[in-house]
Amino acid sequence: MAVAAGGRAETRDPAAGFDRLADRLDNHELAVSGEAQTQRVLAELRAMLPPGDARRELRYRYLYCVLGFGNDVRAGFDYAAQGLADARKAGDAYAEANFQLCRGQYHELATTSSDALADYDAGIAIAGKLGDARLLGDALSLRGGVESLLGEHAKALADFIEAQRLYEGAHRDAAAESNLLNIAIVYRRMGDYAKAHDFLRQARDSAVRRHDIRDQYFAALQLAFLYVEEERADAAVDSARAAVDLAQRLGERGSTGLARLGLAYALNAQRGYAQALAVLKQAEADFAAVSDRSEGDMLDLNYGIAYAGLGQYERAIKMLDAAEGKLRNTNNMRYREMLYATRASVYEAMHKPAAALADYKRAMTMRETMHRMGRTQYGTWMSYQFDSQRRELENRRLIAEAALKEQRVKALERVRNWQAATLLFATLLVALLVVFVWRQHRQSRRLRRMALTDALTGIANRRQIENTLHEHVAAARQNRRPLAVLTLDVDHFKRINDTWGHQIGDDVLCCIVHACQQALRKDDALGRIGGEEFMVVLPGTSPDAAAHVAERLRASVEALDLGDIARGLKATVSIGVADLLPDDDVEMLILRADAALYRAKREGRNRVEIDAGADDAAGSQAHAAAAPVALFGNGPR
Ligand SMILES: Nc1nc2c(ncn2[C@@H]2O[C@H](COP(=O)(O)OP(=O)(O)OP(=O)(O)O)[C@@H](O)[C@H]2O)c(=O)[nH]1
């Protein structure tokens with residue numbers, strides 16, 4: 001028995017220990033059986049109750065109310081009533097509901113079922129308001145018990161099944177499994193024996209698994225009743241005997257009395273009347289020992305049946321009359337029908353046909369009423385089932401709709417995610433493309449520039465300067481503007497190379513280009529047309545101005561300080577100047593400039609020679625010396 005609920009942890013924190021033990025009792029997790037054990041657990045709970053803790057004290061009191069009074073109905077009832085008043089005064093709705101349930105149980109024991117129902121209804125209302133599933137489950141289960149007893153099987157079944165749902169939802173396995181018994185009882189009373197067997201089996205198996213002797217005892221007793229109703233008397237007797245054994249193991253006289261009463265009932269069904277009488281006497285003693293008078297009607301009825309069976313008619317009539325008086329208060333038709341049928345047969349045997357007939361009629365009335373009620377119950381139960389099935393269908397529909405909605409939302413989210421990803425991907429692609437195109441463009445510009453640029457000096461190469469010249473010639477013709485061309489050649493460059501090396505030669509070329517660029521205007525174009533040969537295009541420049549530009553270039557080069565490159569290094573250039581004549585094409589213009597240059601070389605270099613016209617060009621072509629037209633000539637010094 002798992003009752004050692006206290007421990008070192010609880011000693012350290014009594015409030016937590018109290019709560020834990022109270023929870024276990026509330027949740028029916030602690031199988032408390034027997035007077036002594038119950039008192040021990042209650043004392044343990046009391047010891048952990050923190051002083052001055054009003055809420056916990058009320059909790060202790062309602063647990064005591066339920067567990068502490070055994071069959072002392074009066075004391076239990078008074079205790080419950082006091083607790084109820086105190087809970088209300090303290091505004092503790094939870095405790096109030098529990099005291100309602102406790103008082104209901106004492107009403108039940110006092111066989112005042114309608115008062116019990118009122119208490120349970122009140123408890124259910126409070127539990128519902130509090131939204132407390134445990135309390136509501138317990139209250140429904142208790143109310144179902146009373147309804148079942150009153151023959152309101154459909155209502156009872158609805159309450160038990162709702163309680164079962166709550167228990168299972170809250171994972172209160174012990175309570176859920178005990179409740180299976182209640183469901184089984186209702187099915188038995190409704191005559192659905194197959195279902196009753198099914199639930200009893202489940203309840204018994206679970207009780208065995210949980211080592212719960214009390215539930216095992218209940219299951220055995222209920223099975224005995226079920227067998228009697230199925231007219232399987234032998235099996236009923238066996239099961240009732242097992243119930244007696246279990247009740248004795250529980251050590252509760254009240255339970256033993258109930259089990260023996262059940263055994264007597266089964267023995268009567270088996271026609272073992274003498275044995276039934278003996279067992280009834282034991283049961284009577286058991287009930288007397290705990291001052292339980294609640295089973296008086298059933299004792300009398302079974303005594304009556306046993307005496308009738310043994311042919312002791314007078315005694316039988318006496319007991320049956322006594323039972324009739326007691327049973328009239330209860331609404332139990334089955335037992336009353338049994339009573340009238342038994343008494344009718346006794347009267348018949350006693351040759352009292354009128355009395356026998358009257359009782360037969362009563363028995364018939366009971367039977368018909370039961371059948372009628374049975375049909376109503378069945379109808380009610382069917383409509384309850386229909387309603388709950390409809391509710392369930394509705395719930396399923398709502399759940400399915402919610403799931404569908406969620407699916408749609410998820411699908412939409414997926415589409416949106418895909419869209420975002422695609423957009424991102426497309427953006428990245430576009431960005432990559434832009435970068436790629438830009439790089440391609442830059443590359444092609446670089447290549448184009450390289451194709452048109454002289455690698456050493458960075459100025460236009462031959463192709464580029466000739467293109468420029470073509471454009472300027474066309475523009476000059478169109479605008480009737482002058483144009484001049486200079487060709488420029490470094491003097492004795494071979495010597496520079498030979499003396500200082502090719503690298504120095506390169507540096508000299510760069511310095512000369514730089515000097516020329518400095519000496520030219522923005523619109524003038526400078527290009528390298530050969531190793532050490534350059535061309536300058538001077539748009540809008542008259543021959544005189546061109547001669548001046550050429551001289552400026554020459555002087556700039558001559559003035560170059562190349563001492564940094566190599567000591568004693570000097571460079572000069574010779575320049576030929578030609579201006580655009582009306583009949584000139586580009587080649588002719590260049591030829592004439594070249595001719596002038598040739599003359600400058602010939603005349604001693606480091607000088608500027610102006611083209612002397614078509615003759616000069618022809619002369620140049622023929623490599624013949626023409627008359628020098630030196631404008632500016634410094635000559636080698
Ligand atoms: N360092 C260097 N030398 C070059 C380059 N291009 C051509 N040359 C050299 O320039 C020299 C030109 O020599 P020539 O044509 O005999 O003429 P020059 O020595 O300048 O004599 P004149 O023109 O008659 O004054 C050759 O030795 C070429 O090899 C170049 O890019 N760099």
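Bear in mind the structure is a predicted one, so any value in this text is a computation, not a measurement.

Participant: I'd love a proper account of a nonpolar patch on the surface, names of residues and values included.
Facilitator: A cluster of nonpolar side chains, contributed by Phe425, Leu429, Leu432, Leu433, Phe436 and Val437, occupies part of the molecular surface with about 630 Å² of accessible area. Counting through the fold element by element, leucine 433 comes out in helix 19 (residues 353-452).

Participant: Account for the site of the ligand, with residues named and values stated.
Facilitator: Around the ligand, the surrounding shell holds 16 residues, and the nearest of these are His492, Phe493, Asn497, Arg528 and Arg605. Between the ligand and the protein, one listed contact pairs an oxygen atom with a backbone N or O atom of lysine 494 at 2.8 Å. Between the ligand and arginine 605, the relevant distance is 2.8 Å, taken from an oxygen atom to a side-chain nitrogen or oxygen of the residue. Taking 650 Å² as the accessible area of the ligand by itself, protein coverage stands at 68%.

Participant: With reference to specific residues and values, describe a positive patch on the surface.
Facilitator: Side chains of Arg439, Arg442, Arg445, Arg446, Arg448 and Arg449 sit close together on the surface and give a patch of like positive charge. Positionally, arginine 442 belongs in helix 19.

Participant: Can you explain the packing of helix 17 (residues 313-329) against helix 18 (residues 333-349)? Please cite residues and give values.
Facilitator: Running from amino to carboxyl end, helix 17 crosses helix 18 at an angle of 155°, the nearest separation of the two axes being 10 Å. Classified by the interaxial angle, the pair formed by helix 17 and helix 18 is roughly antiparallel. Between helix 17 and helix 18 lies a crossing whose hand is left-handed. Contacts from Tyr313, Ala316, Ile317, Leu320, Asp321, Ala323, Glu324, Leu327 and Arg328 in helix 17 reach Tyr335, Arg336, Leu339, Tyr340, Thr342, Arg343, Val346, Tyr347 and Ala349 in helix 18.

Participant: Got a sec to walk through the state of the cysteines? Specific residues and values, please.
Facilitator: For the coordinates displayed, the defined rule picks out one disulfide. Linked covalently through their sulfurs, cysteine 65 and cysteine 102 form a disulfide whose S-S length is 1.8 Å. One disulfide, between cysteine 65 and cysteine 102, carries an S-S torsion of -90° and so falls in the left-handed class. With cysteine 65 in helix 4 (residues 54-67) and cysteine 102 in helix 6 (residues 93-109), this pair connects stretches of sequence that are 37 residues apart. With relative accessibility at 0%, the residue cysteine 65 sits in the buried group. Here cysteine 510 stays unpaired: no disulfide links it, and the sulfur of cysteine 511, its closest cysteine neighbor, is 7.0 Å away.

Participant: Hey, could you go over the pattern of salt bridges for me, with residue numbers and the actual values?
Facilitator: This model, assessed by the stated rule, comprises 48 salt bridges. For glutamate 229, the salt bridge goes to arginine 188, with nearest N and O atoms at 2.6 Å. You can see glutamate 229 sitting in helix 12 (residues 213-229) and its partner arginine 188 sitting in helix 10 (residues 173-189), a full 41 residues away along the chain. With respect to class, glutamate 229 is no different from arginine 188; both count as buried. Its salt-bridge partner being glutamate 609, residue arginine 599 comes within 3.3 Å of it at the nearest N-O pair.

Calculation rules
- Residues numbered from 1 in each chain as written.
- Predicted model: local features only at pLDDT ≥ 70, side-chain atom pairs only at ≥ 80, totals over all residues.
- Heavy atoms only, no water.
- Patch = residues over 30% accessible without salt bridge, like charges linked within 9 Å, V, L, I, M, F, W, Y side chains within 5 Å.
- Areas by Shrake-Rupley, 256 points an atom, 1.4 Å probe, with all protein chains shown as cover.
- Salt bridge = Lys/Arg side-chain N within 4 Å of Asp/Glu carboxyl O.
- Helix = DSSP H or I, 4+ residues; strand = E, 2+ residues; numbered from the N terminus.
- Near = heavy atom within 4 Å.
- Polar contact = N/O pair within 3.5 Å; in protein donor to acceptor, adjacent residues only side chain to side chain.
- Lys, Arg positive; Asp, Glu negative; His and termini not counted.
- Charge placed at Lys NZ, Arg CZ, Asp CG, Glu CD.
- Axes fitted to C-alpha atoms, helices over the stretch in contact; angles between N-to-C directions.
- Parallel < 35°, antiparallel > 145°, perpendicular 65-115°, else oblique.
- Left-handed = near helix turned anticlockwise from the far one by under 90°.
- Contact = heavy atoms within 4.5 Å.
- Disulfide = S-S within 2.5 Å.
- Buried < 20%, exposed > 50% of the residue type's maximum accessible area, 1.4 Å probe, protein only.

In short, geometric facts, not functional conclusions.
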